[in-house]
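For reference, the chains in residue letters:
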Amino acid sequence: TSPTSANVSICRYSQTVETSCTDGLDNDCNGLIDGADPACKGRVPPAPPSGCIQDGVCMPQFGETYWNCPSDCPTICGDGYCIGGE
């Protein structure tokens, strides 16, 4: 016999139609995240030129990181970046 393998992905279904269009998740489990989901067409705001929306929500899909948007993206221990007292 030859070895077999499988790739498994799990999606936590929380919406029948994507309505949370800026959370970076595939809430309706159709394989499309936020702006890539047709249900979000026209509902995802464009990123501002600075790359930081400053709304208190970290949105990496718009390029927000701790480095360019610390108000929205606080540091997380273990994220690969050593900042301050981490």
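Reading the values: the criteria
Residues numbered from 1 in each chain as written. Predicted model: local features only at pLDDT ≥ 70, side-chain atom pairs only at ≥ 80, totals over all residues. Heavy atoms only, no water. Disulfide = S-S within 2.5 Å. Buried < 20%, exposed > 50% of the residue type's maximum accessible area, 1.4 Å probe, protein only.

**Student:** Please clarify how the state of the cysteines should be interpreted in this entry.
**Tutor:** When the sulfur atoms of two cysteines share a covalent bond, that bond is a disulfide. On inspection of all chains with the given rule, the structure shows four disulfides. Between the sulfur atoms of cysteine 11 and its disulfide mate cysteine 29 the distance is 2.1 Å. Here the disulfide of cysteine 11 and cysteine 29 is left-handed, its torsion about the S-S bond being about -90°. Judged by its relative accessible area of 35%, cysteine 11 falls in the partly exposed class. Linked covalently through their sulfurs, cysteine 52 and cysteine 69 form a disulfide whose S-S length is 1.9 Å. Taking the torsion about the S-S bond as the criterion, the cysteine 52 to cysteine 69 disulfide, at about 50°, is right-handed. Of the residues examined, cysteine 52 reaches a relative accessible area of 8% and is grouped as buried.

Function-wise, these values are silent; they only describe arrangement.
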